[in-house]
Every structure is written in structure tokens, then in C-alpha cells.
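One letter stands for each residue in the lines below.
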Amino acid sequence: AAPAPLLALAVALRALNCVLVRTSFVPDEYWQSLEVAHRMVFRYPSRAAAPALPAGAFFFCLFVILNIHNYGYLTWEWANSLRGYSYPLIFASIYKVLQLLGKDDVQLLIWVPRLAQAVLAAFADVKLYSLVQHLENAETAKCVFFCQLCSWFTWYSCTRTLTNTMETILTIFALSYYPIKGAKMGNSCKYLALVALAIVIRPTAVIPWMPLVFNHFLQEQRKADLILQNCIPVGLVTVGTSLIIDRVFFGEWVLVQLNFLKFNMLRNLGTFYGSHPWHWYFTQGLPVILGTHLPFFIHGCVLAPKRYCIFLVAVIWTVVVYSTLSHKEFRFIYPVLPFCMFFCGYSLKHLKAWKRSAAGFLLLSNLLPALYTGLIHQRGTLDVMSHIQQLCHNSDQSQASVFIMMPCHSTPFYSHVHCPLKMRFLQCPPDLTGNENYIDEADVFYSNPLGWLNKEFYNDTLLPSHLILFSVLEQEISPFLALRGYEKTATIFHTHVPQGRVGSHIFVYRRKAEMNH
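Please read these numbers as outputs of a predicted model, since none were measured by experiment.

Some points on the UniProt feature "transmembrane region" (unreviewed entry) in the chain
Listed under "transmembrane region" (unreviewed entry) in the UniProt record, and renumbered for this structure, are residues 48-68, 192-214, 278-296, 308-325 and 331-348. With 83% helix and 0% strand, the stretch residues 192-214 has end C-alpha atoms that lie 12 Å from each other. The span residues 308-325 carries 83% helix and 0% strand; its end-to-end C-alpha distance comes to 28 Å.

Here it is, written out as C-alpha cells:
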């Protein structure tokens, strides 16, 4: 077992990590977790549909008792049963406890889930240390642990409420029980259960584990026992639990993991959110998330004994499979980063005389991107939420309404406001009907912002009291702002690298009081 001081160090570092990440990465960190959880907990009990399942009674009572608000928003994925409630249920449980304790303050709703994620990340870091200590020795384990803590992308991502983060954490936990050839360790039931849980939370977790499970199957003497006593029972329990949870909250039987894979891999509808060339993960994705660890990773791959080849196979296989899908993101290959850190640490351990210099280089070269991406780049969309929160405390809250005129899902929503304020944003669900001429609301808006606003708000009574927009849009809609009596009340920094519809700053406009009457 890892020493207690190491765990204390990891928890302290990840808690600091959590506090030093105040930027937004992707919409999913809110819209597929916290927003769903907020809607599960804070709604009127009278409006909730009673689940038909007796098994669902416990969950139903737990989440509906004492509820007083019915507000929240679910994205199109939930309407089409592409996401499961298992992951948001973790945060909904946290929210429920806070609510029952009367501590459901908006700041706690924002930070407690992230701190919980940070503590899990710390345990995963220590699990990685223990794994390497078992496989090699304490010296190599320290080097791998150091590389893991230094990684700028792990720092940037590990405290975020993303399914990719949970998938990565569960992958490390599963890896610590994986039976590696020649090592006197491993627990088939435990590692398979953790892999199954990762697949329930994010079905694409099946990709990195395919070569690992196949390799285990080949080297296992009692193949029938592995399938009958481990794979099948674990599969039935995890899929069964997931089915029951989703039955309770969807109100019908649905296998979301199948829907998710069908949508993302077979129909490849992810391209709606952008596409990249086939080589993107090799030329940009992996080199960027590895950063200055890249030469150490390559060196470690060359040095490492043959029995660790399976880790490299898992990395290459995952990157190759993801390369066949046209929609690509850095976070999709985040779960292979711990495998890479193993090789980086192995390299660092064998640098001997250069070890100290190399460690200093890794620390300093990762510090800057970690702090810059965590504290500065894309922070405006979170900072603007504090301006919206203030509207909840004003006496005329019922009169206040907010329209977020940004690319859809740019900001979080009720999980970062926590009051039933009238809010609206531009919608952008993909077309699932096969209509070739389909254009979503956000694209229609951006094709002619001024015309869209004049048409949408033809009557002054329909006008929102507050508008939130990126600086790039201001000039184009200035006639509308002037004519309808809006004044700028706040300017918030967002990024040094504005792109397309995303500006360097965010502006908050308020309609003048005399115009509201």
C-alpha cells in the first residue's frame, strides 16, 4: 500500500489544483453532469412523474422529498436517451445532501462536486504510484508519480466534472488490479468491475480496454472460468444497475450505452460539432496533451521491458480507433495519458545523472501551460455567471430575464445560478431526421444577427432585461442595442486568442429601467 503521507500530499495538491482551475474547457463539464444533477434535485415534487418501478421508489423518494424548485435544462442528448444518469447521480447525491443540510449555496454547488472529483483524482494518482511500485520499485514509482503530477493536461482536466475525467480515473483504478504477465498481482473481478463502471459512465471506455482484456484472455489458463465467473456476472450487475437507474429517471427502459455508440461511432453524427483530418491525434492531439513529456514518452517506450508492450498497444490502438472518427477532441484521448506517464516515469528513472535536470525541466515547462490554461484562457464564460447570480438577489428577480447570445452552451446554466431566473440561450441540436437543409437556431442567428433580433423581439414586452454577448458581436447589433435602450454594465476578459464567434471579452448589457416600464 502507498504511504499515508503520499496520499495526503496528493489530496492537498489536487485540492490546490481544483482552486487554480477557474476556466471553462468544454460545455460537457456542466451540461452532461452538473446541469442534469441540478435538474434532478431542484424541482417541484408535484410535477415529477412517479416511476412505475418499485425498485425506483428509493431513488424517487430520495430525490423528490423536500424539493421546492422546478427548473433546469436538459440538452438534446437527454431527450434522445444518448446519456445515462449514472454519472450525474453522483453530483445529484452531493446536491441532495447539501439541500437537506440547508447548505445549497450556489458557491458550494459549484465547488463541492469539483473538490470531490479532485479527491478521486488524488486517489488515482496514488493508485498509479502503488501499481508501479508493485511492477518495478519505489524509485520508478516516484518518477511516474512525479510525471503524473507534472502533466499540464492532467492538471487542466482532472478536477473537472467531465465523463472523460471519470473514465480516466476509473482506468487508473482498474489498471492497478490488472493481471500483468510475470507480476504477482491482479484481481480479475475487481478490474473488470471498474472497467464495466467506466463503460457505463462513458461507453467509449471500451476502446482502450479492448487490447488489455483480449491480452488477459489469451494469457489466462482458465478461460471458461474467466468468462463465466467474472465477465458475465460483472457485466450483468453493472448493466443491470445502469438500466434501473436510467429506468427511474427516463421513465422507460433504455440502454443508453448502445444508443451512445450507435450515434457517435456508427452514424458518426459527432461531425456536426466539427471534423478534423485522420492524422490529427498523431500530429496534434497526443503531442499537445503530452507536451514536454513527449521525448520522455518515446524514450520510455524504447527502454521499457517487453511485458509492458501491452500498455503501448493500448495507447496506439486507442489513438488509431479515435482517428477513424471525424470529430476529434483532446479530451477523448485523455484516458491514455496515465499509460503514457508510466513510460515517461520509466524514462526519467533511467536518466541517472540527468534525472534531476530532466525533472526540473518537466516541472517548469508544465507549470506555465497549467497555470495559463487553468487561470486565464477561456475564463470569461465562468466569470460572467457571478453577474447573473447577482440578479437572483435583486428585489425584482421576477422581472429579470437573461438572453445569452453566444455559441450554444458557451456558459453553464442553472447549476451556476441556482435560482429560477428566466434564462435563454441559442439552441444548436443536430438534425436527427435526415433533413439536408437543416440549420440550427445558433447558425440562423449568426447568419444575420440584427435581422434575427428585430424579428424575434418585434414587441418590447418580449425583450430580456439582460443580454450577454461576446465582443465580436457588439458592432453588428449596436443599432438594436441603442434603439431598445440597452447599456453596457460589465466587460469581462475571456481569452487572448479569439476565434470566429468567440471574442476576447464578454459584455453584459442591461435594459435601462425607464425602458422596462
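Focus: the packing of aromatic side chains
Summed over the entire model, instances satisfying the criterion amount to 42 aromatic pairs. Geometrically, the ring pair formed by tyrosine 85 and phenylalanine 250 is edge-to-face, given 4.9 Å between the ring centres and 70° between the ring planes. Separated by 165 residues along the polypeptide, tyrosine 85 in the loop between α4 (76-79) and α5 (86-100) and phenylalanine 250 in helix α12 (residues 223-250) bring together distant segments of the chain. Seen from their ring centres, tyrosine 178 and tyrosine 191 are 5.2 Å apart, and the 85° between their planes marks the pair as edge-to-face.

Quick word on helix α18 (residues 355-375)
The terminal C-alpha atoms of α18 lie 30 Å apart, and with 21 residues this matches the ideal 30 Å at 1.5 Å per residue to within 8%. Summarising the contacts, the buried residues of α18 are in contact with α7 (138-150), α8 (152-157), α15 (294-303) and α17 (337-349).

Considering α17
With 13 residues, α17 extends 18 Å between its outermost C-alpha atoms, agreeing within 8% with the 18 Å of an ideal straight helix rising 1.5 Å per residue. Among the residues making up α17, those that are buried are Leu337, Pro338, Phe339, Cys340, Met341, Phe342, Phe343, Cys344, Gly345, Tyr346, Ser347 and Leu348.

Topic: the nonpolar core
Judged by nonpolar contacts, the single largest core of 152 residues is most densely connected at Leu135, Phe311, Met405, Leu421, Leu453, Leu467 and Ile468. For this core, the domains that each give at least three residues are domain 1 (4-45 + 59-376) and domain 2 (379-511). For isoleucine 468, the residues in contact, after removing those within four places along its chain, are Val384, Ile388, Val402, Phe403, Ile404, Met405, Met406, Ile506, Phe507 and Val508.

Quick notes on the state of the cysteines
Scanning all chains against the criterion turns up two disulfides. Each disulfide pairs two cysteine sulfurs, and for cysteine 392 the partner residue is cysteine 419, the sulfurs being separated by 2.0 Å. Disulfide cysteine 392-cysteine 419: the torsion about the S-S bond is -70°, which places it as left-handed. Separated by 27 residues along the polypeptide, cysteine 392 in helix α19 (residues 380-393) and cysteine 419 in the loop between β1 (401-405) and β2 (422-425) bring together distant segments of the chain. Between the sulfur of cysteine 408 and that of cysteine 428 lies a disulfide, 1.7 Å long from S to S. With the S-S bond torsion at 80°, the cross-link from cysteine 408 to cysteine 428 turns out right-handed. Highlighted residues: cysteine 408 in the loop between β1 and β2 and cysteine 428 in the loop between β2 and α20 (441-447), separated in sequence by 20 residues. The residues cysteine 408 and cysteine 428 share a single accessibility class, namely buried. The connectivity of the disulfides in the chain is 1-3, 2-4, where the numbers refer to bonded cysteines in sequence order. Take cysteine 143: it sits in no disulfide, and the sulfur closest to it among the cysteines is that of cysteine 147, at 6.9 Å. The exposure class assigned to cysteine 143 is buried, which follows from its relative accessible area of 6%. Cysteine 231 provides the cysteine sulfur closest to cysteine 189, a residue in no disulfide bond, and the two sulfurs are 9.8 Å apart.

Definitions and cut-offs
- Residues numbered from 1 in each chain as written.
- Predicted model: local features only at pLDDT ≥ 70, side-chain atom pairs only at ≥ 80, totals over all residues.
- Heavy atoms only, no water.
- UniProt positions renumbered as here; feature names shortened; annotations may be inferred.
- Helix = DSSP H or I, 4+ residues; strand = E, 2+ residues; numbered from the N terminus.
- Phe/Tyr/Trp six-rings, centres within 6.5 Å; stacked < 30°, edge-to-face > 60°.
- Expected span 1.5 Å × (residues − 1).
- Contact = heavy atoms within 4.5 Å.
- Buried < 20%, exposed > 50% of the residue type's maximum accessible area, 1.4 Å probe, protein only.
- Core = buried A, V, L, I, M, F, W, Y, C linked by side-chain atoms within 4.5 Å.
- Domains from an automatic or database assignment.
- Disulfide = S-S within 2.5 Å.

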